[in-house]
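Commentary on secondary and tertiary structure
Take a look at the letters that make up each chain.
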Amino acid sequence: NELSKMSGWPALAIQYRLSRDKKTTFPAALQDGITAYVYALEVLKIPASQIVFAGDSAGGNLVVALLRYINEENPALPLPRCAFLSSPWVDLSTKSIENVPRNRNYNADYVTQDFLDWGRKAYTPEGWDSSNSWITFLGNETQLGIPVFVNAGTSEVLYDDIMKFAENLRKKGNEVEVLETPNSCHVPYRLGKDWNLEEEQAICLATMTKFLEKTGV
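Residues numbered from 1 in each chain as written. Predicted model: local features only at pLDDT ≥ 70, side-chain atom pairs only at ≥ 80, totals over all residues. Heavy atoms only, no water.

Quick notes on the environment of isoleucine 162
Stated precisely, the cut-off is as follows: A helix here means a DSSP run of H or I that spans at least four residues, while a strand means a run of E at least two residues long, and both kinds are numbered starting from the N terminus. Each residue's exposure class comes from its accessible area (1.4 Å probe, protein chains only) as a fraction of the maximum for that residue type: buried when under 20%, exposed when over 50%, partly exposed otherwise. Note on definitions: a residue-residue contact is assigned when non-hydrogen atoms from the two residues lie within 4.5 Å.
Tracing the chain through its elements places isoleucine 162 in helix α6 (residues 159–171). Among the residues examined, isoleucine 162 registers a relative accessible area of 0% and is labelled buried. A sequence separation of 73 residues divides isoleucine 162 from tryptophan 89, and the C-alpha atoms of the two residues are 7.6 Å apart. Apart from residues no more than four positions distant in its own chain, isoleucine 162 is found in contact with Ser87, Pro88, Val150, Ala152 and Glu156.

What follows is the structure, encoded as structure tokens:
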């Protein structure tokens, strides 16, 4: 809502299926994202150049999956204008989650090892490895085809993974803008007043708005 107010762009919030049982693991959320995008294009008649994919945390993972799907599986679909990835969760591998308690930011963030492990198990289909390239995108980066904005807090446990992911995207030829929010934990632009991070939140929203304005045609 705050980004919508600042940028003047309306927001369409997708009520995609959450991973609660065997029927709603991957690719349920991806399927719902595709459906919502086609709805925006064909029913609402919104040009792709006026659509931005945006996601926080696991939602950022979903945005990357959507872009990969369009590029690799359904190129008949047009790509959106750009993408916002706010503290994207890009490594769901077992090894990564096992190492979380040793992360230098573990006591500075609200994201716990138990929560990440629960999310990994809930999202990963039975018989799959969570390192699968459709689930873990760190180390499996591809050309996304549109400008990408990446934001992370320097005090979050996912910070190093996110920075590596952004750098790997650049190496694949992607246009990537990174905003590091000092002393902030997971998903900085959503924190603000309750976390005494109002200035940091304002910088995030203003920078995202400027990125939105300079992309597209």
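Concerning the layout of surface pockets
Vacant regions in the atomic arrangement are exposed by a probe of water-molecule size rolled over the atoms. How we decide: Only protein atoms enter the 1 Å grid used here, on which a cavity is any set of points holding a 1.4 Å probe that cannot leave and a pocket is any open set flanked by protein within 12 Å on both sides along at least five of seven lines; residues with an atom within 4 Å of a point are listed as lining. Grid points are joined across faces, edges and corners, and a volume is the space filled by probe spheres set on the points. The nonpolar class holds Ala, Val, Leu, Ile, Met, Phe, Trp, Tyr, Cys and Pro. Asp, Glu, Lys and Arg form the charged class, and all remaining residues, Gly among them, are polar.
In this structure, the second largest pocket encloses a volume near 190 Å³. Lining of the second largest pocket is provided by Lys95, Ser96, Asn99, Val100, Asn103, Val157, Leu158, Asp160, Asp161 and Lys164. At the level of elements, α4 (94–98) and α6 are the ones that each hand at least two residues to the lining of the second largest pocket. Broken down by element, the lining of the second largest pocket gets its largest block of residues, 3 residues, from α6. When its residues are assigned to classes, the lining of the second largest pocket shows 3 nonpolar, 3 polar and 4 charged.

Structural notes on the nonpolar core
Nonpolar side chains in soluble globular proteins tend to be buried together. For clarity, the cut-off: We define the nonpolar core as a collection of buried residues of types Ala, Val, Leu, Ile, Met, Phe, Trp, Tyr and Cys that are connected through side-chain atoms lying within 4.5 Å of one another.
Residues Leu30, Tyr37, Phe53, Leu67, Leu85 and Phe165 are the most contacted members of the largest nonpolar core, which totals 46 residues. Of all the elements in the fold, those that place two or more residues in this core are α2 (28–42), α3 (58–72), β2 (82–86), α5 (113–123), β3 (148–153) and α6. The biggest single contributor to this core is α3, with 7 residues. Val187, Cys204, Phe211 and Leu212 belong to the second largest nonpolar core, which has 12 residues in total.

A look at the pairing of β2
Successive side chains on a regular strand alternate, one facing one side of the sheet and the next facing the other. Applicable threshold: Paired strands, in this sense, are two strands between which DSSP finds at least two bridges. Looking down the strands as they point away from you, a crossover is right-handed if its path from the first strand over the helix to the second goes clockwise.
Along β2, 5 of the 5 residues are buried, which leaves the element largely enclosed by surrounding structure. For strand β1 (residues 52–56) and β2, the ladder comprises 5 bridges, and the chain directions are parallel. Residue pairing for β2: valine 52 is matched across the bridge by cysteine 82. Following the backbone out of β1, through α3 and into the adjacent parallel β2, one traces a crossover that is right-handed. Where β2 lies against β3, 4 bridges are found, and the strand directions are parallel.

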